[in-house]
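Residue-level structure breakdown
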Amino acid sequence: MSDPRTTLPLLAEARRDLTADCSRCSGLCCVVPAFAASADFAIDKPAGTPCPNLQPDARCGVHDQLRDRGFPGCVVFDCFGAGQRVTEDTFPGRDWRTDPATAAAVFAVFPVMRQLTELLWHLTEARTLLPAGSLASEVATAHARTEELTRADADELAGLDAAALRREVGELLGRVSDVARADVPARARDRRGADLIGAALHGADLHGASLRGAYLIGADLRGADLRWADLLGADLRAADLRGADLTGALFLTQPQLTAAVGDAGTALPASLNRPGHWATSTGQAAGGGRRGRRPRRR
């Protein structure tokens, strides 16, 4: 098991190109996805239609007021650097706003690129978790292949079976997780894909457990031990992480944290940032979060 005190700061540096830089993008996240009026978005917006808050300079006109204006979904969204890759590398010198043909191609490529950059985010981490050997070589090969795909032309990207690639990489990351957590002492039982919506897990011992794909919407995880837990794809929307320990958590992303509730007592991996809307001291009420409701079973 790698020491997070040394590997995670290096991981943050390795992921520098997988961090969204809106100054290098043409506002693609404000145009390509569809919005549905809900708790996450104040309006309906069809796919491929610019949000009315998008300015001529490709910046959001209410960026510093998104939560107050009813757009927390925009705050949570992260393209993992896909926007600048599409704008600068796939379509250099071409502007979707003035060229309808370019617009159609850009809108087809952006969702694919976003999946590739998210896979690179996880594969980059996977490379820090393994000793030299055959599995580490598989991860390095998958990383190089995925990085190469981000440099493909628009036609190849639009025709890529991204879902198949995600399944393939997901299986590989599962094996990495098993190896990385193998020597976690007395680790908690795995809860992969578990329905834990609204669950009372205050102070729960979940260290070293696989929670990948688990539904933790609105779960009470205050003070929970999540050290070295595998959180790949776990849904943490409105989960209360105040005082929880996520040191060394595997395959956690910034959007997962941004969707959750936390405070100054939440211990995070060194490669991730504390969301700005989290409480700045310990023991405060969970402001800005929405408690999840367990869906009615039929």
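Since the model is a prediction, treat every value here as computed from it, not as a measurement.

For the rest of this paragraph, the subject is helix α7 (residues 162–181). Helix length check: α7 (20 residues) gives 28 Å between terminal C-alpha atoms against 28 Å at 1.5 Å per residue, within 8%. Every buried residue of α7 is accounted for by Ala162, Leu165, Val169, Gly170, Leu172, Leu173, Gly174, Val176, Ser177, Ala180 and Arg181. If you follow the buried residues of α7, they end up packed against α4 (100–129) and α5 (134–150).

Aromatic rings considered in pairs are described by the distance between their centres and by the relative angle of their planes. All chains considered together, the criterion is met by 3 aromatic pairs. Geometrically, the ring pair formed by Phe35 and Phe41 is stacked, given 4.4 Å between the ring centres and 10° between the ring planes. An identical accessibility class is assigned to Phe35 and Phe41; each is buried. Centre to centre, the rings of Trp96 and Phe107 are 5.8 Å apart; their planes meet at 55°, and the pair counts as tilted. With Trp96 in the loop between α3 (82–90) and α4 and Phe107 in helix α4, the pair connects residues that are 11 residues apart, well separated along the chain.

We now examine the nonpolar core. If you look at soluble globular proteins, the nonpolar side chains tend to sit buried side by side. By size, the foremost hydrophobic cluster in this structure holds 48 residues, and its most contacted members are Leu28, Val86, Trp96, Val176 and Phe251. Contributions of two or more residues to this core are made by α3, α4, α5, α6 (154–158) and α7. Per-element accounting of this core gives the leading share, 12 residues, to α4. Ignoring anything within four residues of it in the chain, the contact list for Trp96 reads Ser26, Leu28, Val31, Pro50, Leu54, Thr102, Ala103, Val106 and Phe107. In this structure, Leu201, Ala204, Leu246 and Ala260 belong to the second largest nonpolar core, which totals 32 residues.

A separate point is the confidence of the model for the chain. Close inspection of predicted coordinates is inappropriate in any region flagged by low pLDDT. Chain-level statistics for the chain give a pLDDT mean of 91 and a share of 92% at 70 or above. Looking at the elements of the chain, mean pLDDT is at its lowest for helix α1 (residues 4–14), recorded as 65, and at its highest for α5, recorded as 98. Counted against residues more than four places away or in other chains, residues 286–298, with its pLDDT under 50, gives 24 contacts.

Summed over all chains, the structure comprises 19 salt bridges. Among the ionic pairs, Arg16 bridges to Glu13, the shortest N-O distance being 2.8 Å. Overall, the relative accessible area of 55% leaves Arg16 in the exposed class. When the shortest N-O distance is used, the salt bridge between Glu118 and Arg166 registers 3.6 Å.

So, on to the packing of α4 against α7. Their axes nearest at 10 Å, the elements α4 and α7 cross at an angle of 20°. Classed by the angle they form, the pair α4 and α7 counts as roughly parallel. Taken as a pair, α4 and α7 cross one another with a handedness that is left-handed. Contacts between α4 and α7 involve Gln115, Leu116, Glu118, Leu119, His122, Leu123, Ala126 and Leu129 from the former and Ala162, Leu165, Arg166, Val169, Leu172, Leu173, Val176 and Ala180 from the latter. Of the residues assigned to the contact of α4 with α7, the class counts are 12 nonpolar, 2 polar and 2 charged.

Phi angles above zero are rare outside glycine, and Ala186 is one such case at about 45°. Judged by its relative accessible area of 71%, Ala186 falls in the exposed class. Positive phi values are uncommon outside glycine, yet Phe251 reaches one of about 60°. With respect to the helices and strands, the residue Phe251 is situated in the loop between α7 and α8 (254–259).

Scoring rules and cut-offs
Residues numbered from 1 in each chain as written. Predicted model: local features only at pLDDT ≥ 70, side-chain atom pairs only at ≥ 80, totals over all residues. Heavy atoms only, no water. Helix = DSSP H or I, 4+ residues; strand = E, 2+ residues; numbered from the N terminus. Expected span 1.5 Å × (residues − 1). Buried < 20%, exposed > 50% of the residue type's maximum accessible area, 1.4 Å probe, protein only. Contact = heavy atoms within 4.5 Å. Phe/Tyr/Trp six-rings, centres within 6.5 Å; stacked < 30°, edge-to-face > 60°. Core = buried A, V, L, I, M, F, W, Y, C linked by side-chain atoms within 4.5 Å. pLDDT = per-residue confidence, 0-100. Salt bridge = Lys/Arg side-chain N within 4 Å of Asp/Glu carboxyl O. Axes fitted to C-alpha atoms, helices over the stretch in contact; angles between N-to-C directions. Parallel < 35°, antiparallel > 145°, perpendicular 65-115°, else oblique. Left-handed = near helix turned anticlockwise from the far one by under 90°. Nonpolar A, V, L, I, M, F, W, Y, C, P; charged D, E, K, R; others polar.

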